[in-house]
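# An overview of the molecular structure
The primary structure of each chain is shown beneath.
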Amino acid sequence: MLRSLPLRGTARPAARRGDGRVRAGGARDGAARDGGALDGGARDGGARGGGALDGGGVPTSSGPSGSPAAPGPFGRFRAVLVALGALAYSVWLLELPLATGLDPVQSYVSELAATDQPLGALFRTADLVAGLLLLAAALPALVAARRRFWAAAGWAALALFGAATAADSRLPLSCAPTADTACQAREDAGLVPFTHAAHAVSSGLAMAGAVTAVVALTVAARRYGWWPPLARTGPVLVVLELAATAWTLVAVAAFEAGRGHWALGAGQRAQLLLVAVWLLLLAWSLRAARTAPGPRP
């Protein structure tokens, strides 16, 4: 009897130690389960973070959905550059309250900046500023978006538009051929400065860049899930811009062939105005992406 008591006493601690091991194992299992939940939450958070919009509209990394990652630090600044570029590019609208002597339905917008026009210096300066602002906005975004085709193509086109617009301002017409028959005769005879031919090239490059940027960045917004305002409204502006561009090209061809103006000036002004509206929409979209809720770097 006395020898059996220690046996019973030692059996109980062993059982308790065994119970402790079971409980510890259960705790470890619970911790594993908790850790799995935490890991899952972290993964879910990471997935959600991967869908945040980049302030500059370019991805720093991407999740399964292809959305750009957390916003970059220059998104708001880029939006300001694009908005200011759009406003500077729209200075030609001052022809409405000012007496320029040119018919807005028939004349080229470039004729406002001709060297023989009283306000030519104002419009040339505005084009230079607009071009440099848009170039400064596009180049950093182009470098960051090199792995996304539509984004890279759009920012490259916007950079071309900015550079060609700045060059355009340094290669002005010497006179207004749609309003001055003597100027048109000199142009037909090749008696005008080389800037007329160079201006035609730079203007063509600027419009090609603008139209390509409008299309490509709108496609990027829809394809990659970026910039909701541009993704929603951009397609309408794309259709209108292509229609205005076709109108302008047909009118220019008719004028060059001596078949009248075909409201050349109205078509070109609609084209430029739509580009400016699209740029403002892009700036707003960049700004909205910069301030959208989501993880910050």
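Here's a quick rundown of the structure.

About the criteria used
Residues numbered from 1 in each chain as written. Predicted model: local features only at pLDDT ≥ 70, side-chain atom pairs only at ≥ 80, totals over all residues. Heavy atoms only, no water. 1 Å grid on protein atoms, 1.4 Å probe; cavity = no way out; pocket = protein on both sides within 12 Å on 5 of 7 lines; lining within 4 Å. Points joined across faces, edges and corners; volume = space filled by probe spheres on them. Helix = DSSP H or I, 4+ residues; strand = E, 2+ residues; numbered from the N terminus. Nonpolar A, V, L, I, M, F, W, Y, C, P; charged D, E, K, R; others polar. Disulfide = S-S within 2.5 Å. Buried < 20%, exposed > 50% of the residue type's maximum accessible area, 1.4 Å probe, protein only. Salt bridge = Lys/Arg side-chain N within 4 Å of Asp/Glu carboxyl O. Patch = residues over 30% accessible without salt bridge, like charges linked within 9 Å, V, L, I, M, F, W, Y side chains within 5 Å. Areas by Shrake-Rupley, 256 points an atom, 1.4 Å probe, with all protein chains shown as cover.

### Considerations on the layout of surface pockets
Roughly 880 Å³ of volume is contained in the largest pocket. Per element, the largest residue contribution to the lining of the largest pocket is 10 residues, and it comes from helix 6 (residues 195–223). By residue class, the composition of the lining of the largest pocket is 24 nonpolar, 11 polar and 5 charged.

### Structural notes on the state of the cysteines
Taken as a whole, this structure holds 1 disulfide when the rule is applied. Disulfide partner of Cys175: Cys183, at an S-S distance of 1.9 Å. Classification of the bridge connecting Cys175 and Cys183 rests on its S-S torsion, roughly 75 degrees, and on that basis the disulfide is right-handed. Its relative accessible area of 0% is what places Cys183 among the buried residues.

### Quick word on the pattern of salt bridges
Throughout the structure, instances matching the rule amount to 1 salt bridge. With a shortest N-O distance of 2.6 Å, Glu95 and Arg269 are connected by a salt bridge. With a gap of 174 residues between them, Glu95 in the loop between helix 2 (75–89) and helix 3 (120–144) and Arg269 in helix 8 (residues 264–291) connect regions that are remote in the sequence. When sorted by exposure, Glu95 lands in the same class as Arg269, which is buried.

### Overview of a nonpolar patch on the surface
Taken together, the side chains of Val80, Leu84, Leu87 and Leu280 make up a nonpolar region of the molecular surface, amounting to roughly 340 Å² of accessible area. In terms of residues, the nonpolar patch owes the most to one element, helix 2, which gives 3 residues. Within the element layout of this structure, Val80 appears in helix 2. For Val80, a relative accessible area of 41% puts it in the partly exposed group.

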